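# Understanding the architecture of this molecule
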Amino acid sequence: MSTTAFPDRARVDALAKVRGEARFAADLVLPRTLYAMTVPATIAKGSLSSLPVDAALRVPGVVRVLTPEDFPAPPPFSEDGPPPPPPTLETTIAYRGQPVALVIAETLEAAIEGAEVIRPTYVAEAFACVMESAGARRQPADEVAFGDAPGALSGAAATVESTYNSPTQHHNPLELIATVALWEDGALLIHESTQASSLVKGAVAGALRLDPALVHVRGATMGGSFGQKAVQRQTALVARAAILTGRPVKLVQPRAQIFHTATYRARTRHQIRIGADADGTIVGVQHHVEQEQSPNGYFAVPEYHRDVIRMYGIRNYLGTGADIRLDRQDSGYMRGTHPQPAFFAFESAIDELAHKTNRDPVEFRLANDTRVDPQNGHPLSSRFLNECLKEGARRFGWSRRSPVPGSMTAADGSLIGWGMACGIYQSATTPAIATLRIDARGHTRFAISGHEMGQGMRTAIASVLLQDLDIDPERLEIALGDTRAAPQHMTAGSWGTNSVVPAAMQAAQRMRAAVADLLDGRQISGNLHRKLASIRRPFLQVEVTTVGPGQDQAALETLRQGGFAVAESVYPEFSTFSYSAHFLEVRIEPRTRRIRVPRVVSIADCGRVISPRTARSQVYGGVIWGLSHALREATEIDPRYGGYLNEDLADYVVPVNADIGEIEIGLIDQPDPLSNPAGVKGLGQVSMVGISAAVANAVFHATGRRIRELPIRIEHLL
């Protein structure tokens, strides 16, 4: 495996974006396009009793109003079969904001006006919308356990037991959710801002009872996704409208509606009991998690434990949990997913235990290192967490930290706190099928599964191909997210680069071999395009397939069928994770108690760094969002009506430039020897995990006050 560092290439999409040439789904306007707008339910639970549409049809420009009667009955559910597609329009109301009708018009303004004049009536039912609601239903989750945590904790020299709360949060990417559908020549083409084009294809085909071969989905450039833009309810609605009208239909869902229809980060409660022996070795952990969830939501509680148990050398662990079933839409994945709130709790508890045992937080973590997976005893394929800790401490100047809380102050009287925390995230992989075609006219096309969400996947692929092949970089096309270009797999969970880069490397190697066979020893000057032209070969094409550790041909077949085929990071013979260490300084103003974060140092172990520029960008984004998670973001829920109160960027508080200080990024850049031939691991998620705990730990160091509830507000420090 090569350890040669990759050059710091510019983003391949940077020029198009700064020029405004990049096209997002909302930018697409086809000839004769109609515009759509949904009508959201105004009750949290119940059923439609009437849905009058005459007033909407009288609005000039309104073409049609779709109601539940315009959609086929949902397919029968089978516990042995695939999960059902998202529902379309229904008369049963499961949550406030659920779409009950779709207005289609010649203009966006007419569609909005038509939607606003529709006044459905309902039969309302009692509902529960927050964890404290009387009708909230508690459903225990499966345990994750090994060793004897209660026994180990009973004999611990020091223990900490606390409860930590993380709020409901919404993604709020700048780009809204957009769908454009076209029914033409008996086939359906969907353009959508999605990170799961094959799943969208299957969901729409299932919801509308169509042959999947007739449905094609093209994932457009995305302005952020972070787990929100997978399979949306709106897609089948727009597709059905296109089929019924015979014209392209476009829906860009307003942010206030997205709050009520898209998934979000669930509110969680974490009760942690952790203990250490007299030498400062962690002896056991008990971790109970409760999260809010819809009546039939799928966001698995045991995954809150998956990464926590592998952070340090924990020999005894008991992880329990429960879903609190509420009458709201599904919660789901959001950057950092389960580890983000779990590590606010866990790394805060680690800091509390280090303080209680009079140990430096960095030294305490270094002393509890592990080289094996504590759950199964498998070796960890690579683990440079201690290197992250040491490098972060060096760059931050941790040795100058006064350990006593409240002992560091600035000249203006501000309290100074230095805190740190670590992060971990699985390094998963998916199968890939890629086609590389180089032609004699100077064009190269590489088609593979994957979705460019701004994380830099195209740049990483280009970096590999341009390093290994002498081709024209200005005419390199990388086709992603298009079900007609290649079998598509959902991109999420930091498995994008892990999955496409090994395939790109293999394709480049196979292309070099194919060219060598074609030339058969002839020495021809020029790049690969000129070589092909010289021997009058129009093009040369190779196809490669790759699978993750422990996967076989069945995974490739699942990919071809548009299914979900992730090789999790706990493989048959080893486990693979990415790691991060974050160091930051807070300053708390003595009168207002306002918290500022003037500097952060964040070091990541993500295996081999293929695209240094986009890798650093991922960490910058993760750090900033982690600060936002800790100090700004919370979705406010109205328990009287089941709706969200701060459903726009005017009221949903996120950081602005003035809130962000100096951020220094470091990447260990050591290849993982086992996970894949490229030696890469995930980065997008782990860059955020642990930041919120580092903020809370720094606040404790500044004030001596432990804050165990996010976001940390001024009133917590008064």
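Notes on the structure in this doc start here.

Contact geometry for helix α5 (residues 197-208) and helix α6 (residues 233-245): axes closest at 9 Å, N-to-C directions at 60°. Looking at the two axes, α5 sits oblique to α6. For α5 against α6, the interelement crossing comes out right-handed. Every residue of α6 that contacts α5 at Val-200, Val-204, Ala-207 and Leu-208 is listed here: Thr-235, Ala-236, Ala-239, Arg-240 and Ile-243.

Once that is clear, we can look at the side chain of Ser-348. Within the secondary structure, Ser-348 is located in helix α9 (residues 339-356). For Ser-348, a relative accessible area of 3% gives the class buried.

Another aspect to go through is the nonpolar core. Ile-274, Phe-346 and Phe-583 are the most contacted members of the largest nonpolar core, which totals 89 residues. It is α9 that contributes the most residues to this core, nine residues altogether. Setting aside residues no more than four positions away along its own chain, Phe-583 makes contact with Val-362, Cys-388, Leu-389, Gly-392, Ala-393, Phe-396, Trp-398, Gly-419, Met-420, Arg-599, Val-600 and Val-601.

So, on to the sheet that holds strand β17 (residues 415-426). Read from one edge of the open sheet, four strands run β17-β22-β23-β26, paired in mixed fashion. Strands at the two margins of the open sheet, each flanked by one partner only, are β17 and β26 (662-667). Going across the sheet, the axis of each strand differs from the next one's by a mean of 15°, ignoring polarity. Sheet analysis places strand β23 (residues 595-605) next to β26, joined by six bridges and oriented parallel. Across the sheet, the residue bridging to Ser-602 is Ile-665, located in β26. Strands β17, β22 (577-588), β23 and β26 of the sheet are contacted by helix α11 (residues 385-396), whose axis makes an angle of about 25° with β22. Packing against the sheet, helix α17 (residues 691-703) makes contact with β17, β22 and β23, and its axis sits at approximately 155° to β17.

We now examine the pattern of salt bridges. Overall, the coordinates contain 38 salt bridges when judged by the stated rule. Across the salt bridge formed by Arg-395 and Glu-391, the nearest N and O atoms sit 2.7 Å from each other. With a gap of four residues between them, Arg-395 and Glu-391 both fall in helix α11, about one helical turn apart. Take Glu-391: its relative accessible area is 22%, and that puts it in the partly exposed class.

Its volume calculated, the second largest pocket comes out at about 1,000 Å³. Lining the second largest pocket are 41 residues; nearest its centre among them are Val-12, Asp-13, Ala-16, Arg-458 and Ile-478. Within the residue set of the lining of the second largest pocket, elements represented by two or more residues are α1 (14-19), β12 (215-219), α12 (457-468) and β20 (476-479). The element that contributes the greatest number of residues to the lining of the second largest pocket is α1, accounting for five residues.

Overall, the coordinates contain five cavities of 30 Å³ or more when judged by the stated rule. Put simply, the largest cavity is a space of about 80 Å³. Listed by contribution, the elements that provide at least two residues to the lining of the largest cavity are β23 and α16 (612-631). Top element by residues in the lining of the largest cavity is β23. It accounts for three residues.

Analysis parameters
- Residues numbered from 1 in each chain as written.
- Predicted model: local features only at pLDDT ≥ 70, side-chain atom pairs only at ≥ 80, totals over all residues.
- Heavy atoms only, no water.
- Axes fitted to C-alpha atoms, helices over the stretch in contact; angles between N-to-C directions.
- Helix = DSSP H or I, 4+ residues; strand = E, 2+ residues; numbered from the N terminus.
- Parallel < 35°, antiparallel > 145°, perpendicular 65-115°, else oblique.
- Left-handed = near helix turned anticlockwise from the far one by under 90°.
- Contact = heavy atoms within 4.5 Å.
- Buried < 20%, exposed > 50% of the residue type's maximum accessible area, 1.4 Å probe, protein only.
- Core = buried A, V, L, I, M, F, W, Y, C linked by side-chain atoms within 4.5 Å.
- Pairing = 2+ DSSP bridges.
- Salt bridge = Lys/Arg side-chain N within 4 Å of Asp/Glu carboxyl O.
- 1 Å grid on protein atoms, 1.4 Å probe; cavity = no way out; pocket = protein on both sides within 12 Å on 5 of 7 lines; lining within 4 Å.
- Points joined across faces, edges and corners; volume = space filled by probe spheres on them.

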